[in-house]
Amino acid sequence: MKRQSLTALIFVLMLSILAACGGNGGSNESGEPAKTPAATQKSSEAVVKEDPAQMSGEISWLVFETPNYTTDFYKKVIANFNAKYPNIKVKTELFAAGDRKAQMNAMYASGQLPDVMIDAVDSLATIDGALLDLPADLTDQFMEQGLIKFNDKIRYLPTTTQIKMGVYYNKDKFDKYGLSEPKNWDEFTNIMKTLKDNGEIPIVTGGPDKPWLTGSLPSTVVDLQLSEKYGDTTGIYKAIYDGELKFTDEAIANPAKEWLQLVEKGYYHPGTLSFTMAQMNDAFMHGDAAMLVNGIWLAPILDGAELPFQAGWFPVPTKNSADKYILTYNGAMGISGKTKYPEQALAFLRFFYEDKETYGMYLKADGVSGALKENPTYESGPYTSMIYEKVKGLTAISGNISDSKYIRPKGVSTDVMYQNLFAGAKLDDELHKIQKAYDDGLKMEGRK
Amino acid sequence: MKYKRIPLYFILPAVLIYLSKTIIPILIGFYYSLYNTDGLARFIFVGLENYTRIFKDAQFWSATLVMIKYSVMMVFAGQLISLLLALLFVKRGAINNIFRTLVFLPVIMSMVAAAFIWKVIYSYNGPLNVILDQLGLGFLKVGWLTDPQYALASIVVVGVFKGVGVGMILYMNALLTIPAEIYESANIDGAKPFSLFFKITLPLMIPGISIAFITATINNLKEFEKMLILTNGGPVDSTSTLGFYIMEVATNNLWVGYASAMAVILLILVATITYYQNKFFDSRTVNY
Amino acid sequence: MIRLLAALLVIIFFSGPLYVTLIGAFKTTTDIIRTPLSLTRLTFDNMIKIFSDSNHNIWEMYRNSILLTSISVCSVLIISPMAGYYIARSKKKRSELLTMFFLVGMMVPPQITLVPMMSMFYKLHLVGTLWGVLIVYGLNVFVLILFAKFIVTIPTALEESAYIDGASTPGMFYKIILPLLKPMIATAIIIDGLNTWNDFIQPLFLFKTFKTITYGIYVANSVENADYGYILGFVLLASIPIVILFLFLQKLFIDGLTGGAIKG
């Protein structure tokens, strides 16, 4: 009687409290899905606002943090933006998972997509309405090879072009043993042999959460070699799609085998497979390992660090030469199709690219170049400049797939395969596995 | 004991919440399993095709094998150690208290936290190998998480670290529910401690053991978080349990329909094993 | 003797990693990589960074974690004993059925339920609401079954005599059963409290607006060039409140346990 009503009372109290607070879930952010898609341009809101100061609203911007792109960095970008658009508030959100694409899918599925996202929206681009179609006057400013059309519309923009993998090396060690930059793969292997014979650790890589660390060298070698026949990455994946080229073909198996030799001969740092990028860079920068394969983004870090030695860079050698490198368009910045502030989000997107200072700042931080037809230039540190000088004499091979038809099905990753190979899997088995995964993937996605 | 009827509202709230958060999503999941879908936009009805696919999928079978290996290792190592710890530290006392707290602290930590710490410890230049070197046991150094031979066992160690605290408490609970008089009467009869344990203590603990065993089995069969954080299923799929494979297929490949079908199979598997475990323990339950 | 050896092993195995964490939170990343065990060069930099990081507000994260956990524990403590009592005192067939019914909840792989729950939440506008929290965290099936199995071991004699004396069921429940459940209640608080506090998957997908502190660890880990010191700092901050709670409840727990040993 008394007790029963007491329990019931507590329960009712709880429910009423919940009902009362049901509306405001925690902090105020645009997490609440808009009831009607705001993708269509409402005619009531003037399509082009005359005065930026008049535009008001609040947008969320999904970003990722790296040693070069810090919280302070993003704050500066926003500050620049607010100088022109003082009434639009921008709040940053961090990618919460290592796998940005997976998180993007999850956020979309639960209706929690932020307004502007700096990366990974490409996984949503195939879904109509998920992303805002971008206006032509904005997309026309970009280099065509960097754009990819979905249903004839551009849904996201690349943020940078990057010189992908190259070999950073310890010049002091090379000089000590009379070594010079290799002109082909055989010379490359000999360098490693010499280093190892003299008790040095030739090369280091990384592993755990970022398979591309392990795959950096092998996939670059394979792609560069394939490009001799197929032109560029789009050509390669077109051939695979058409069935002309299979993962199990010699064209892929042979360079992979050559790379595996390096692993088997013990040229890699012991325990390297368990290194994170931090540990990998650390091993090189402390002089433990003589070489390292990494992207252009390492250069600004080297510029900023006080290396105990002189470093150098050469492109990844293939069987016959060392005169090519892979250039990719990176990033996939877009706007949610369900944003409540499409005008404001677009204004922000435009500002990011069109404001020379802001975009320049962004490029400089990672040492990369822009994706526009006309990009801001900046002063870069010694190593970054050195690399850019060097690539002027080399051939750039596009690392992007520019036709959405040939995009790899989700889950097919050559990097993971290389990781498995490194850990001891058999080459034939892995190649067959990935071919099967590719075929299955196309079927499951209804693409073939 | 038909002395009263308990009003329905005693169990109603539990059932309501349970329906919303478990039963309905399972039904939806089952619905998904009949489609080729990515959970977002693609929905193609395929009937039982996902299920027939499972039988032809080599990776499904190897993942099941890994799952069984993992569960067997975890349940036996984990339960044994939990029982030993409970026996060691069950009595009152400040020292016992300290040890109990120590064992339980890993349970308190978030899974991400514990996994992350062990990742650092297991890394090739990490504390574990450093200590092995210092002890002159450098030849034992291995890529704990990167060598296919050792990765799964290494994860089991993390599981033990994180899980035995709960088992210990459950066993302690069970030990303490045994009335003191039973021990007294047995002692009067001159029984030896060893046989005392096996003939009296253990049988009386069966309800406690059953719940510890069953929940441990269930949790281990479903396990994927540790693998996700520590090894991402590698190296070479040696730590890819069925639970992990399902999650990978769902989030990586976006084959949500196929993943749901496998999850349904996993559910049936777990249910069957649990049912027989429950029966086993029920038949051994003893009441003095 | 054996006890000593066992105690030593326990100390090394269980406190070793905790030690690494504790001092790691006060070291720089390079130091953690190169000299994980040494006590030199301790610094507060990580802590300062965490508290001044503008991407999140630590206090808000704590508040969210506490909010979710309290709601969960309160709800579980109200619902579970009652439901457990119902199951324990039902006829064999019904109780077996109900136990099996709820056991499914423990057996179901989260992979089945996560995606459907996300769509369900989205369509019903439950994302980030407290009702959603109640659905996800309001019931802990493990605790429910624990109560059921535990109450079964309580002899019915007391209830029978109370019934003869004319007591009503709820009254009986409150006056007779509940007091005997003390150790179970403490266990329930610990188990459910921990479960909710440490969960990061559900806040990640279902309650973005409730950024909890364990969610914070997960985010910190995803930064490209993971700063170990920063992450370990987060780990420490996330664990301290729950450790305090546990130590505080320990007394309650032990008293209840030893009290229960003298039964019959």
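Asker: In this structure, what is going on with the overall build of chain C? I would like to understand it.
Answerer: Along chain C, the regular secondary structure elements total 14 helices and zero strands. Written out in order from the N terminus, the α and β elements of chain C read α-α-α-α-α-α-α-α-α-α-α-α-α-α. Within chain C, contacts between residues separated by at least 24 positions form 73% of all contacts whose residues are at least 6 apart in sequence.

Asker: Looking at this structure, I do not really get the interface of chain B and chain C. What am I missing?
Answerer: By a frequent convention, interface size equals the accessible area lost on bringing the separate parts together. Each partner contributes to the interface: chain B provides 72 residues, whereas chain C provides 76 residues. For the side of chain B that touches chain C, the leading source of residues is helix α1 (residues 12–32) of chain B, giving 11 residues. Classifying every residue of the side of chain B that touches chain C by side-chain character gives 53 nonpolar, 14 polar and five charged.

Asker: Looking at this structure, I do not really get the interface of chain B and chain A. What am I missing?
Answerer: Contact with chain B, which involves 22 residues of that partner, is made by 21 residues of chain A. Taken together, the residues of the side of chain B that touches chain A break down into 10 nonpolar, 11 polar and one charged.

Asker: For this particular structure, what's the right way to read the domain arrangement of chain A?
Answerer: Residue and element names in this part refer to chain A. Per the domain assignment, the segments of chain A are domain 1 (52–161 + 331–379) and domain 2 (163–329 + 384–444). Using only C-alpha atoms to locate each centre, domain 1 and domain 2 end up separated by 29 Å. Each side of the interface is counted separately: domain 1 has 14 residues, and domain 2 has 14 residues. Among the residues forming the side of domain 1 that touches domain 2, the class breakdown is seven nonpolar, six polar and one charged.

Asker: I would appreciate a short explanation of the nonpolar core in the present structure.
Answerer: Grouped burial of nonpolar side chains is what soluble globular proteins tend to show. Counting 280 residues, the largest nonpolar core has A:V204, A:F348, B:I246 and C:L144 as its most contacted members. Among the elements that make up this core, the one with the highest residue count is helix α7 (residues 151–176) of chain B (14 residues). The two domains that each donate at least three residues to this core are domain 1 (52–161 + 331–379) and domain 2 (163–329 + 384–444) of chain A. Among residues more than four places away in sequence, those in contact with A:F348 are A:I59, A:F81, A:I88, A:V90 and A:V116.

Asker: I'm lost on the environment of C:F147 in this one. Help?
Answerer: Residues and elements named next belong to chain C. Along the chain, F147 turns up in helix α8 (residues 141–152). For F147, a count of 27 C-beta atoms within 10 Å gives the class buried. Taking the C-alpha atoms as reference points, F147 and I87, separated by 60 residues in sequence, lie 9.2 Å from one another. Apart from residues no more than four positions distant in its own chain, F147 is found in contact with S80, P81, G84 and M184.

Asker: Would you take a moment to explain unusual backbone geometry for this structure?
Answerer: Working note: non-glycine residues mostly have negative phi, and peptide bonds are mostly trans. Residues and elements named next belong to chain B. Here V236, not a glycine, exhibits a phi torsion of approximately 55°, which is positive. With respect to the helices and strands, the residue V236 is situated in the loop between α11 (225–230) and α12 (242–251). Among the residues examined, V236 registers 21 C-beta atoms within 10 Å and is labelled buried. In this structure, D237 takes a positive phi of about 60° despite not being glycine. Along the chain, the position of D237 falls in the loop between α11 and α12.

Asker: I keep staring at α7(B) and nothing clicks. Help me out?
Answerer: Note on helix geometry: an α-helix contains 3.6 residues per turn, so any two residues three or four positions apart are oriented the same way. All names here are of chain B. Counted at 1.5 Å a residue, the expected span for α7 with its 26 residues is 38 Å, and the 37 Å between its end C-alpha atoms agrees. The largest bend in α7 amounts to roughly 45° and is located at G163. Among the 26 residues in α7, 21 count as buried, and that is most of the element.

Asker: Sorry if this is basic, but what is going on with the pairing of strand β1 (residues 57–63) of chain A here?
Answerer: Walk down a regular strand and you will see the side chains alternate between the two sheet faces. All names here are of chain A. Of all seven residues that make up β1, six are buried, and the element is covered over most of its length. Relative to strand β2 (residues 88–94), β1 runs parallel, the two sharing seven bridges. Its bridge partner being in β2, G57 is matched across the sheet by I88. Following the chain from β1 across helix α2 (residues 71–84) to the adjacent parallel β2, one finds a crossover that is right-handed. With two bridges joining them, β1 and strand β3 (residues 116–117) adopt parallel strand pairing.

Asker: What should I look at first to understand the sheet that holds strand β7 (residues 166–170) of chain A in this one?
Answerer: Strand pairs in the sheet, formed through backbone hydrogen bonds, run parallel or antiparallel to each other. Residue and element names in this part refer to chain A. Strand order in the open sheet formed by four strands is β8-β9-β7-β10, and the pairing between neighbours is mixed. With one partner strand each, in any of the chains shown, β8 (201–204) and β10 (311–315) form the two edges of the open sheet. Going across the sheet, the axis of each strand differs from the next one's by a mean of 25°, ignoring polarity.

Asker: When you look at the sheet that holds strand β6 (residues 160–163) of chain A in this model, what are you seeing that I'm missing?
Answerer: Residue and element names in this part refer to chain A. Taken together, three strands build an open sheet; the order of strands is β6-β11-β13 and the sheet is mixed. Edge strands, defined here as strands with exactly one partner in the open sheet, are β6 and β13 (395–398). Shown here is a sheet whose adjacent strand axes are inclined to one another by a mean of 35°, direction ignored. Bridging between β6 and strand β11 (residues 324–330) involves four bridges; their strand directions are antiparallel. Looking at the pairing, T161 lines up with Y329 of β11. Contacting β11 and β13, helix α7 (residues 211–230) crosses the sheet at an angle of about 105° to β11.

Asker: Would you mind showing me how to read the confidence of the model for chain C here?
Answerer: As a note on interpretation, predicted positions should not be read in detail where pLDDT is low. Residue and element names in this part refer to chain C. Per-residue confidence for chain C gives a mean pLDDT of 77; residues scoring 70 or more make up 85%. When mean pLDDT is taken per element in chain C, helix α4 (residues 58–88) scores highest with 87 and helix α2 (residues 29–34) scores lowest with 67. Confidence drops under a pLDDT of 50 for residues 256–264, and excluding neighbours within four residues, the segment shows 17 contacts in the predicted structure.

About the cut-offs
- Residues numbered from 1 in each chain as written.
- Chains lettered and ligands numbered in written order.
- Predicted model: local features only at pLDDT ≥ 70, side-chain atom pairs only at ≥ 80, totals over all residues.
- Helix = DSSP H or I, 4+ residues; strand = E, 2+ residues; numbered from the N terminus.
- Contact = placed C-beta atoms within 7 Å.
- Nonpolar A, V, L, I, M, F, W, Y, C, P; charged D, E, K, R; others polar.
- Domains from an automatic or database assignment.
- Core = buried A, V, L, I, M, F, W, Y, C linked by C-beta atoms within 7 Å.
- Buried ≥ 20, exposed ≤ 12 C-beta atoms within 10 Å, placed from the backbone.
- Expected span 1.5 Å × (residues − 1).
- Bend = angle between axes of the 7 residues up to and from the residue.
- Pairing = 2+ DSSP bridges.
- Right-handed = clockwise from strand over helix to strand, strands pointing away.
- Axes fitted to C-alpha atoms, helices over the stretch in contact; angles between N-to-C directions.
- pLDDT = per-residue confidence, 0-100.

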